[in-house]
Amino acid sequence: MSVSDPSKVHTFCRICEPGCGLLAEVADGAVVRLQPDSDHPVHKGFACHKGVHYLQVHDDPDRIDRPLKRMNPRSEERGVFEPIEWDEAVAEIAAKLLQLRRDHGRNSVGIYQGNPSAFNGAYYANAASIARGFDTRMRFSAGTQDTSAKYAASEAIYGASMAHPIPDLLHTDYFLCLGSNPAVSHMTLIHISDPMAKIRNVKKRGGTNLFVNPRQIESAGPETGEVLLIKPDTDFYFLAGIVHEIAFGIGFDREEVQRHAKGIDELLDFVAHYPVERVAEVTGIHAARIRQVAAEFCAAPSASVYMATGVNQGRQGALAYWMLNMVSLLSGNLGRRGGNIYSRGVADVVQNSKRRRADPFFTGPLGTMRTVSGDLPAALLPDFIDNADDPIRALIVVSGNPLLSVGGGARLREAFGKLELIVTIDLYRTVTGEMADYVLAATDWLEREDINFLNTMGVAMEPYVQYTPAVVAPAGERRDDWWILSRILQEMGVATLLDDPHPDPFAIVDAVMNDSGLSVDLLKKMPCQTAVLPEAVPSQVFSIAVQHDDGLIDCFPAVFESACRTAADIYDELVAEPLGQLKLITRRTNFMVNSWLHNLPVLKQGVHQDNPLWINPDDARRLSLVDGDTVHVSNRYGKVDAVLVCDDTLRTGVVAMTHGWGQGAARGLDVARRHPGVNANQLSPTGAGAFDPLSNQSHLTGINVEVSRDTRTAAGGNL
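Residues numbered from 1 in each chain as written. Predicted model: local features only at pLDDT ≥ 70, side-chain atom pairs only at ≥ 80, totals over all residues. Heavy atoms only, no water.

Q: Looking at this model, I keep getting lost on the packing of helix 9 (residues 235-250) against helix 13 (residues 287-299). Mind explaining?
A: One way to put it is that helix 9 packs onto helix 13 with a least axis distance of 9 Å and a crossing angle of 65°. The crossing of helix 9 and helix 13 is right-handed. Between helix 9 and helix 13, the residues in contact are Phe238, Ile242, Glu245, Ile246 and Ile250 and Ile290, Arg291, Val293, Ala294, Ala295 and Cys298, respectively. Residues that form the contact of helix 9 with helix 13 fall into these classes: nine nonpolar, no polar and two charged. (Axes fitted to C-alpha atoms, helices over the stretch in contact; angles between N-to-C directions. Helix = DSSP H or I, 4+ residues; strand = E, 2+ residues; numbered from the N terminus. Left-handed = near helix turned anticlockwise from the far one by under 90°. Contact = heavy atoms within 4.5 Å. Nonpolar A, V, L, I, M, F, W, Y, C, P; charged D, E, K, R; others polar.)

Q: Explain helix 9 to me, please; I cannot follow it from the model alone.
A: Owing to its 3.6 residues per turn, the α-helix brings residues three or four apart onto one side. With 13 of 16 residues buried, helix 9 is to be regarded as a mostly interior element. Looking one or two residues past helix 9, Gly251 carries a phi angle of roughly 95°, positive in sign. (Buried < 20%, exposed > 50% of the residue type's maximum accessible area, 1.4 Å probe, protein only.)

Q: When you look at the packing of aromatic side chains in this model, what are you seeing that I'm missing?
A: The description of an aromatic ring pair uses the distance of the two centres, along with the angle that the planes make with each other. This structure, assessed with the given rule, holds 16 aromatic pairs. Pairing Trp86 with Trp483 gives two aromatic rings, centres 5.5 Å apart and planes at 85°, and the pair type is edge-to-face. Here the residue Trp86 occupies a position in helix 3 (residues 86-104), and Trp483 occupies one in helix 20 (residues 481-491), the gap between them amounting to 397 residues. Residue classification places Trp86 among the buried positions, given a relative accessible area of 5%. An angle of 70° between the planes, with centres 5.7 Å apart, marks the rings of Tyr237 and Tyr571 as edge-to-face. Of the two residues, Tyr237 sits in helix 9 while Tyr571 sits in helix 24 (residues 561-576), which places them 334 residues apart along the sequence. (Phe/Tyr/Trp six-rings, centres within 6.5 Å; stacked < 30°, edge-to-face > 60°.)

Q: Honestly, the environment of Lys262 in this entry has me stumped. Any pointers?
A: Residue placement: Lys262 occurs in strand 12 (residues 261-262). Judged by relative accessible area, Lys262 falls into the partly exposed class, the value being 29%. Sequence spacing of Lys262 and Cys555 is 293 residues, and the spatial spacing of their C-alpha atoms is 5.9 Å. In contact with Lys262, not counting residues within four places along its chain, are Asp550, Leu552, Ile553, Asp554, Cys555 and Phe556. A polar atom in the side chain of Lys262 sits 2.7 Å from the side chain of Asp550. (Polar contact = N/O pair within 3.5 Å; in protein donor to acceptor, adjacent residues only side chain to side chain.)

Q: What am I meant to see in the sheet that holds strand 19 (residues 421-426) here?
A: Ordered by their spatial adjacency, seven strands build an open sheet running 5-4-20-19-18-6-7, and the pairing between neighbours is mixed. Edge strands, defined here as strands with exactly one partner in the open sheet, are strand 5 (81-83) and strand 7 (139-141). Shown here is a sheet whose adjacent strand axes are inclined to one another by a mean of 20°, direction ignored. As judged from the two bridges shared by strand 4 (residues 68-70) and strand 20 (residues 438-441), these two strands associate in the antiparallel manner. Residue Lys69 lies in a different strand from strand 20, and its bridge partner there is Tyr438. (Pairing = 2+ DSSP bridges.)

Q: Please clarify how unusual backbone geometry should be interpreted in this entry.
A: The bulk of non-glycine residues show a negative phi, and the bulk of peptide bonds are trans. The phi dihedral of Lys44 falls on the positive side, at around 50°, and the residue is not glycine. Relative to the helices and strands, Lys44 resides in the loop between strand 3 (30-36) and helix 1 (49-52). Residue classification places Lys44 among the exposed residues on the basis of a relative accessible area of 63%.

Q: For this particular structure, what's the right way to read the environment of Phe12?
A: If you trace the backbone, Phe12 turns up in strand 1 (residues 7-12). With 131 residues separating them in the primary sequence, Phe12 and Gly143 have C-alpha atoms 23 Å apart.

Q: Would you explain the UniProt feature "domain: 4Fe-4S Mo/W bis-MGD-type" (unreviewed entry) in the protein in this entry?
A: The feature "domain: 4Fe-4S Mo/W bis-MGD-type" (unreviewed entry), as given by UniProt, occupies residues 6-62 in the numbering adopted here. Within the segment residues 6-62, helix and strand shares are 14% and 35% respectively, and the terminal C-alpha atoms sit 26 Å apart. (UniProt positions renumbered as here; feature names shortened; annotations may be inferred.)

So this is what it looks like as structure tokens:
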């Protein structure tokens with residue numbers, strides 16, 4: 001049979017924030033090639049290797065293509081799964097959920113939402129109404145593993161959790177970048193095409209890029225800028241020192257700041273405790289260098305500042321984001337071209353995330369706590385399951401893998417064993433899916449129509465909105481996430497989109513886009529199905545992003561007061577640490593994204609086939625270790641064994657592992673199971689002290705560990 005000429009479909013990647021434009025070639029109903037879309041009006045032919053190689057996920061023989069039901073007890077480690085019809089599966093799941101709610105109340109059901117769902121436009125647009133349908137307070141997400149620090153801080157500073165002034169990389173003269181490696185991660189909570197090209201252009205314009213990181217990251221170099229090596233999890237103090245230097249050394253325009261902000265005196269009283277000489281003691285950066293950074297930042301014609309996951313995941317990510325915004329405000333760069341700006345995009349979203357009450361805390365079953373963007377701290381998920389008075393008895397996991405991504409995996413696995421029902425909605429039967437009672441087959445992003453809904457509002461440096469049709473029909477009986485959850489709710493007697501004979505999951509998107517005179521139908525007729533939107537107006541930080549009733553930025557939110565006291569305690573703890581204390585950080589690589597590219601053979605290369613422990617050669621020599629040793633990595637939370645790899649890009653005193661490994665028990669993932677690596681989150685804290693109470697952000701980086709050689713294994717031995 002002859003193969004017809006491929007047709008070409010303009011689509012886009014949904015692995016991370018840039019959403020790079022892709023061109024899919026289709027022949028006889030199958031995608032035969034993915035390549036960067038040179039016609040895309042914004043990305044113009046740029047896409048990284050992860051999006052291009054996504055075809056290995058789409059065509060993976062380990063993908064599930066119909067609902068599966070576990071046929072043996074969950075007490076048995078290896079699950080036995082058999083196909084089940086959709087109607088039968090959702091009816092059984094709904095019946096069990098209704099029974100649990102009747103017997104134990106609404107909060108007996110929990111929901112965990114993983115990272116990929118944020119890049120699923122139809123699901124993301126309807127996620128709030130779907131969550132309301134399940135009527136439970138027990139909501140968790142990957143957000144408390146990566147970005148909730150920023151949401152909580154913005155809610156306090158600007159009055160809206162979605163107010164995030166992004167660095168104006170297209171015009172800035174000085175870019176200060178903390179805890180991010182754009183060459184690998186392509187940045188988060190900022191939507192920009194080919195970020196490294198933008199960073200190189202800063203240097204070409206005669207500007208400066210400065211990266212603050214515990215290792216010499218791939219983003220740094222002669223064409224971009226240098227790295228200031230910082231001790232892990234001390235970025236808050238570094239930024240507080242810069243604010244101190246601006247406030248008490250360089251000086252700032254008090255009258256101008258007062259036009260837009262309140263609480264200035266309280267801010268100055270706080271940062272008075274963190275002069276650069278004192279900050280230098282815990283950051284490992286000389287006072288003179290911190291003073292120089294502050295001076296250069298303020299002297300530049302324009303300057304912008306940015307932080308990402310490497311700071312968020314520390315113990316004080318929310319406070320660091322507070323200080324970051326104060327650096328921008330006091331230096332005169334907030335709401336200024338080339339500084340930090342708010343990008344309206346297709347519509348204003350900050351109003352929908354406006355702070356509801358000044359004090360977000362309440363008394364819950366496990367004490368005083370809060371939600372951030374509706375989510376409880378995932379670090380407490382096992383505690384909520386074990387809560388004797390009102391335990392979670394059923395858990396629905398949407399495109400997530402909490403057994404690998406939440407800290408303290410062993411404790412969570414034990415807690416999962418006590419649940420009466422686990423349902424996973426995913427592309428694969430992952431480690432979490434292996435424990436499930438039902439694994440429901442979801443479409444991937446080549447099998448569903450979509451809109452880059454998340455990235456069109458508030459964080460787009462180059463705002464645009466793009467529609468893509470489903471490139472090909474779903475294989476087997478795969479269904480969209482919104483459809484699966486709506487069918488379960490429908491069986492529970494809850495009104496859903498599916499009650500309409502012609503359900504439109506993009507109705508909300510259409511309503512939002514109407515503000516810019518756009519619609520899904522209009523996008524379908526445009527080149528690359530893409531509408532380029534007006535560039536950001538810098539001053540809209542003040543006129544739109546600030547959502548406090550008085551219209552002023554809060555420089556010293558009352559909700560931060562207890563965290564400020566904690567900051568002083570953590571400072572004393574850091575000063576008292578013994579010389580040579582090793583700190584474990586999370587290392588992003590080009591061979592992994594969280595836990596969901598594990599099964600791609602193309603990404604299993606060399607040392608990246610597994611998850612080694614990276615260590616500075618000086619630390620290795622001090623500990624009498626060499627490349628290839630099998631080592632024990634341990635602390636009071638757990639212990640893992642890993643192969644040692646020396647890496648002189650790391651600051652001394654820092655070791656690194658990659659997040660999301662540990663798929664050894666995933667019987668449905670052939671490649672990942674053969675190269676499981678180890679789950680570094682076994683070393684992360686769990687329970688009440690495992691997260692920042694201000695933001696629910698899990699503590700996943702800058703963790704104290706001990707490293708010792710496994711004397712049972714010769715150097716160079718394998719795990």
